[in-house]
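What follows is each chain in one-letter form.
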Amino acid sequence: MRYKKYILLFIFVINSFFLFSEEKRNVLILNSYHKGLQWTDDIITGINAGLSENSFDIEIYAEFMDSKRFFNQNDYYTSLFKTKYAKIKLDVIIVSDDYALKFMLDYRDSLFGKVPVVFCGINNPHNYPKTYTGVLETIAYVENFKLIKNLHPNYSKIYFIVDETETGNIIYDRAYKAYLPLKDEYQYEFVRSYSFEELFKKVENLDKNAIIFLTSFTKDRLNVYCSHNEIINNLHKYANVPIYGTWDFYLNKGITGGKLIIGYNQGYEAALIANKILNGEKAEGIGIGLSLSNYIFDYSKLKQFGIKKSALPKDRKVINRPLTFITKNRQQTIFFGIILILLVLIILILWTYIIFRKRTMRRERRYLKRLELNNEKLQSAKEKVEEADRLKSAFLANMSHELRTPMNGIIGFSKLILESKDLDEETKVKYLNIIHKSGYILLDLVNDIIDLSKIEAKQLKLNNTEFKLNELIDELLSFFISERDNLEKQGIKILAEKEYNYQDLTIYSDSNRIRQVLYNLLTNALKFTIKGSIKFGYYVELPNIVFFVKDTGIGLTELEKVVIFDRFRQVDDKSTRRYGGSGIGLSICKGIVENLNGKIWVESKKGKGSTFYFTLPLNQTKSETDKKKVLPDHKEFTWPDRTILIVEDSKVSYELLTKFLKDAKVHFLHAPDGEQAVELCKSNDRIDLVLMDIQLPIMDGLEATEHIKKFRAELPIIAQTANTMDDDESNIISTGCDDYISKPVNRIELLQKIDKYLNTSEIS
């Protein structure tokens, strides 16, 4: 028994050695053309997708021979590859298009030895050695002519456009052989030996019943090069007749459609053959495949030329179909889901606050019961507690009202959209706008509660920068004039007053917090003013700057002026108040101003209007090193061939993130919990960045981050959190996250943060 135990242990060690010592597979992708050419990029995308289905750890090398723009470069590439891959053992080589294949046939043995070669995108048959295999592409010449004749029975002639390059000659030879037996059945003309100027002039003068059949025309008789995009764009510009094509990269650029060769399919099918070789199959036993074409049409062109969908082949695909109302308003639908999540968060925040307040009140009541109420000091304390209890009740009743009002709009109008089948498009959009506006009202309410909590906890952080004060004043003036018109209060004049001697005043302070205070004061002024005017602005009384907001509204009594800045206080505390609001706006203003080392007060008479003032220290200068660097708001963010892992248990949040990143050309992986996120990062070293939600099932985001950083310390992790308190943010960074972003996520801010990390590391 003792020897048996040692034998089993020995077998386990040997198996473990072979399991963990499996070497990496090296794959070279050699492209005939250049990166950025859509045909080549589609093939590369298909190859990557196919290779990703393999369980091996694969290192991919990609080379681009750029043969459409530069010719006879074989000596250069043989020297380059001999040096570059001298010490790299390749397991398989994938080549795209004829130029790269011919190069391999001539130089493979001397450069790489007998490495198996898999080809795709090949027009011209060759005498392939045994270690060559792959997929051929075939242009459906006859099928496309039959299609044209069926869709345009009254056509006058088909103009077959093909250049005189090596590829063009192959296409011409095959087409000529295919159509020669059918010469009496179709009216056609080959268009070949033309300059681009002559070609465009010819198509511009075609009769209205003519048809253009475009294959490849990238070099004219004067040896001038033109990309696929440029040729189709110019043909579409000059021609007033339908254009049919042979490759899918002409779609969305002017062709009506046709039986098209798809570059992605070519690359994907070649990668599947490469997978077989990597898994041990011999190349000579696999055989050469044939990639099928697909019927694809552009809806806008079908409509332009009056082609009925019923005349199209049954197995066709139509792109650019008109979107349904639900599809068009997908963003609003996602936004509605976010609002529901927001409602839950608001309820949790309020519930936590209510519990806290109830516990505080119970402690205060127990304390008062032990004391003699006859004492004047104790009596005063009792009155304060009762006042606080009354204010708490008024606040909770007010919160219920403020929550239910936008909730009523959201739930009511969304129900109308779902249940009313006869609503017209304009009415539906109107209802969705109401839902959208109600959602932002709820978001503002949550932000106010959070700001108040930060002020009470003395955790309100300031972000001081240099900014032009007059620009802020002009911005608020423009906004509130628009807001006045929206509220149909055009009878109120809104004026801005600035210090004459400080026309270009630049100050160093927190512009967002100053804007927030002025915004709250102007909102109140507009709310409580029925007619007359609202003036706001500033003047300088060194060493301070004085801001003011003056209105001709309902005004305040002496008692109201004393309590107006207290939490949960309003001009009217009754449940039937006319003006609405949460009662915490002025308390927040006071907290912000005091944090900025200023003070705030009000001067008012009942029925005569009010003037709110606040002062701030006048700081006009600051060193350049203290200025905040601002990223550009408008930039095209793309990270091709990068992979982002999204760790998110909410399907709505995951779908929203993928929509934000849909134009960035990145690959997505998804993990619904922290445990799966850790396993994915262990098994997939091509993950370039992680978007990590904090609240997750099984294993939360912070614990998952700690595990990942132990074996991939360099992997950037951006946390997503619905918590915005400073303690939460510091915990996120201390755990190992490189950055964080608050929910609801701002798209531009998210793209900027991702770009910060993906643009500082090289693609492996």
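The paragraphs below set out a description of the structure included in this document.

Details of the overall build of the chain
Piece 1. Scanning the chain from terminus to terminus reveals 23 helices and 25 strands.
Piece 2. With 764 residues in all, the chain has 46% of them scored as buried.
Piece 3. Excluding contacts between residues fewer than 6 apart, the proportion of contacts in the chain whose partners are at least 24 apart in sequence is 72%.
Piece 4. When the accessible surface of the chain is split by element, carbon and sulfur atoms take 52% of a total near 41,600 Å².

Considerations on the pattern of salt bridges
Piece 1. Counted under the stated rule, the structure contains 19 salt bridges.
Piece 2. As a salt-bridge pair, glutamate 714 and arginine 712 come within 3.6 Å of each other at their nearest N and O atoms.
Piece 3. Relative accessible area serves as the criterion here: at 57%, glutamate 714 is assigned to the exposed category.
Piece 4. Several salt bridges converge on common partners, so that one network encompasses Arg108, Asp109 and Lys114.

Concerning a positive patch on the surface
Piece 1. On the surface, Lys358, Arg359, Arg362, Arg363, Arg366, Lys369 and Arg370 cluster together into a positively charged patch.
Piece 2. Structurally, arginine 363 is set in helix H12 (residues 330-369).
Piece 3. Judged by relative accessible area, which is 47%, arginine 363 ranks as partly exposed.

As for the nonpolar core
Piece 1. Grouped together as the largest cluster of nonpolar side chains are 76 residues, with contacts concentrated most on Phe160, Ile161, Leu199, Ile231, Leu235 and Tyr244.
Piece 2. If one sorts the elements of this core by residue count, helix H9 (residues 263-278) sits on top with six residues.
Piece 3. Residues contacting leucine 199, with those up to four places away along its chain left out, are Ile161, Val191, Tyr194, Phe217, Ile231 and Leu235.
Piece 4. In terms of nonpolar packing, the next biggest core, distinct from the first, is built from 42 residues, Leu469, Leu518, Leu522 and Val593 among them.

What about helix H23 (residues 747-758)?
Piece 1. In this model H23 runs 16 Å from its N-terminal to its C-terminal C-alpha over 12 residues, within 8% of the 16 Å that 1.5 Å per residue would give.
Piece 2. Those residues of H23 that sit buried are Leu750, Leu751, Gln752, Lys753, Ile754, Asp755, Tyr757 and Leu758.
Piece 3. Where H23 begins, the side chain of asparagine 746 points an oxygen toward the backbone nitrogen of isoleucine 748, at a separation of 3.1 Å.

Description of a nonpolar patch on the surface
Piece 1. A cluster of nonpolar side chains, Ile341, Val344, Leu345, Leu348 and Val652, forms an exposed patch at the surface whose accessible area comes to about 380 Å².
Piece 2. Looking at the nonpolar patch, the element that brings in the most residues is H12, giving four residues.
Piece 3. You can see leucine 348 is positioned in helix H12.

Quick word on the sheet that holds strand E24 (residues 717-721)
Piece 1. With respect to topology, five strands assemble into an open sheet ordered E22-E21-E23-E24-E25, the strand pairing being parallel. At either end of the open sheet lies a strand with only one pairing partner, and these are strand E22 (667-671) and strand E25 (739-742). In this sheet, neighbouring strand axes are inclined to one another by 20° on average, regardless of whether the strands run parallel or antiparallel.
Piece 2. Here five bridges tie strand E21 (residues 643-647) to E22, and the two strands are oriented parallel to one another. Bridging from a neighbouring strand, leucine 645 pairs with leucine 669 of E22.
Piece 3. Each of strand E23 (689-693) and E24 is contacted by helix H21 (residues 701-711), which is oriented at about 155° to E23, the strand it contacts most.

Some points on the packing of helix H16 (residues 511-528) against helix H18 (residues 585-595)
Piece 1. For the pair H16 and H18, interaxial distance at closest approach is 10 Å and the crossing angle is 150°. Classified by the angle between their axes, H16 and H18 sit roughly antiparallel to one another. Judged by the twist between their axes, the crossing of H16 over H18 is left-handed. Facing Arg513, Gln516, Val517, Asn520, Leu521 and Asn524 of H16, the residues of H18 in contact are Gly585, Leu586, Ile588, Cys589, Ile592 and Val593.
Piece 2. In the contact of H16 with H18, the residues fall into seven nonpolar, four polar and one charged.

What about the sheet that holds strand E18 (residues 544-551)?
Piece 1. Spatial ordering of the open sheet is given by E15-E17-E18-E20-E19, a layout of five strands whose pairing is mixed. Only two strands of the sheet have a single neighbouring strand rather than two, namely strand E15 (492-497) and strand E19 (599-605). Strand-to-strand, the axes of this sheet are offset by a mean angle of 15°, without reference to chain direction.
Piece 2. Here strand E17 (residues 532-541) runs beside E18; their pairing, made up of eight bridges, is antiparallel. The residue bridging glycine 537 from the neighbouring strand is phenylalanine 548, located in E18.
Piece 3. This element, H16, spans E15, E17, E18 and strand E20 (609-617) of the sheet and lies at about 20° to E18.

Conventions used here
- Residues numbered from 1 in each chain as written.
- Predicted model: local features only at pLDDT ≥ 70, side-chain atom pairs only at ≥ 80, totals over all residues.
- Heavy atoms only, no water.
- Helix = DSSP H or I, 4+ residues; strand = E, 2+ residues; numbered from the N terminus.
- Buried < 20%, exposed > 50% of the residue type's maximum accessible area, 1.4 Å probe, protein only.
- Contact = heavy atoms within 4.5 Å.
- Areas by Shrake-Rupley, 256 points an atom, 1.4 Å probe, with all protein chains shown as cover.
- Salt bridge = Lys/Arg side-chain N within 4 Å of Asp/Glu carboxyl O.
- Patch = residues over 30% accessible without salt bridge, like charges linked within 9 Å, V, L, I, M, F, W, Y side chains within 5 Å.
- Lys, Arg positive; Asp, Glu negative; His and termini not counted.
- Charge placed at Lys NZ, Arg CZ, Asp CG, Glu CD.
- Core = buried A, V, L, I, M, F, W, Y, C linked by side-chain atoms within 4.5 Å.
- Expected span 1.5 Å × (residues − 1).
- Polar contact = N/O pair within 3.5 Å; in protein donor to acceptor, adjacent residues only side chain to side chain.
- Pairing = 2+ DSSP bridges.
- Axes fitted to C-alpha atoms, helices over the stretch in contact; angles between N-to-C directions.
- Parallel < 35°, antiparallel > 145°, perpendicular 65-115°, else oblique.
- Left-handed = near helix turned anticlockwise from the far one by under 90°.
- Nonpolar A, V, L, I, M, F, W, Y, C, P; charged D, E, K, R; others polar.

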